Amino acid sequence: MSLSNVFNIAGSAMTAQTVRLNTTASNMANAESLSSSESETYRARKPVFEVRQPDAIYANDELNDYGLSAGAGVQVTDIVESEAPLRPVYNPAHPMADDKGYIYYPNVNVVEEMADMISASRSFQINAQIMDTAKQMLQRTLTLGQ
């Protein structure tokens, strides 16, 4: 694998972390939205990541101890809704209450979402630093002959 592939791998990770940040922001924005029915209530969303398989050019790379070759990055394959239960609140005086007097809040845990946001942000920053380091290494390689 050449050093220039680092840019593709780190770039794919940055793209995946951007999707993660966007879904986290959407979850936090809808954390206090309420509904009169369970079916209409917002549910927290999470991206599903998958290793992007290397091209045929790199298929013959050396395998590690587990019989796996290096991946060619990461990709988001899906965005799934959380199966956690919604937060029903008994409030019969509320205008949006259902027949039983309940209103429903999303299953978004704001503390968990903040931790996810910090993690995604740091992962994005690390991949940006990886790209910067690879660029510096390539520039130094070009100056070796001078």
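In case you missed it, the structure is sitting above this.
About the criteria used
- Residues numbered from 1 in each chain as written.
- Predicted model: local features only at pLDDT ≥ 70, side-chain atom pairs only at ≥ 80, totals over all residues.
- Heavy atoms only, no water.
- Helix = DSSP H or I, 4+ residues; strand = E, 2+ residues; numbered from the N terminus.
- Buried < 20%, exposed > 50% of the residue type's maximum accessible area, 1.4 Å probe, protein only.
- Contact = heavy atoms within 4.5 Å.
- Areas by Shrake-Rupley, 256 points an atom, 1.4 Å probe, with all protein chains shown as cover.
- Phe/Tyr/Trp six-rings, centres within 6.5 Å; stacked < 30°, edge-to-face > 60°.
- Expected span 1.5 Å × (residues − 1).
- Salt bridge = Lys/Arg side-chain N within 4 Å of Asp/Glu carboxyl O.

Enquirer: What should I look at first to understand the overall build of the chain in this one?
Expert: The helix and strand inventory of the chain stands at 2 helices and 4 strands. Start at the N end of the chain and walk to the C end: the helices and strands fall as α-β-β-β-β-α. For the chain, the proportion of its 146 residues judged to be buried stands at 23%. Within the chain, contacts between residues separated by at least 24 positions form 71% of all contacts whose residues are at least 6 apart in sequence. As displayed, the chain has an accessible area near 9700 Å², and 54% of this comes from carbon and sulfur atoms.

Enquirer: Would you mind showing me how to read the side chain of Ser12 here?
Expert: Locating Ser12 in the fold gives a position in helix α1 (residues 5-29). The class of Ser12 is buried, set by a relative accessible area of 6%. Those residues in contact with Ser12 that lie beyond four places of it in its chain are Arg52, Gly73 and Val74.

Enquirer: Explanation requested: the packing of aromatic side chains in the structure shown.
Expert: Centre-to-centre distance and the angle between the planes together describe a pair of aromatic rings. Here the structure, examined in full by the defined rule, presents 1 aromatic pair. Arranged with centres 5.4 Å apart and planes meeting at 65°, the rings of Tyr90 and Tyr102 form a pair that is edge-to-face. Here Tyr102 lies in strand β4 (residues 102-105) and Tyr90 lies in strand β3 (residues 87-90), a separation of 12 residues in the sequence. Accessibility expressed as a relative area gives 54% for Tyr90, which makes it exposed. Residue Tyr102 is classed as partly exposed on the basis of its relative accessible area of 31%.

Enquirer: I'm lost on α1 in this one. Help?
Expert: Because the α-helix completes a turn every 3.6 residues, residues three or four places apart line up on one side. The terminal C-alpha atoms of α1, which comprises 25 residues, lie 36 Å apart, in line with the 36 Å expected from a rise of 1.5 Å per residue. Residues of α1 that are buried include every one of Asn5, Ala10, Ser12, Ala13, Met14, Ala16, Gln17, Arg20, Thr23, Thr24 and Asn27, and no others. Lining the buried residues of α1 we find β1 (45-51), β2 (74-81) and α2 (110-142).

Enquirer: Just to check I follow, could you spell out the pattern of salt bridges for this structure?
Expert: When the charged atoms of two side chains with opposite charge come close together, those side chains can pair. Taken as a whole and judged by the stated rule, the model has 6 salt bridges. We note a salt bridge from Glu112 to Lys46, for which the minimum N-O separation is 3.6 Å. With Glu112 in helix α2 and Lys46 in strand β1, this residue pair connects regions lying 66 residues apart in the sequence. Taking relative accessible area as the criterion, Lys46 reaches 22% and is therefore assigned partly exposed.

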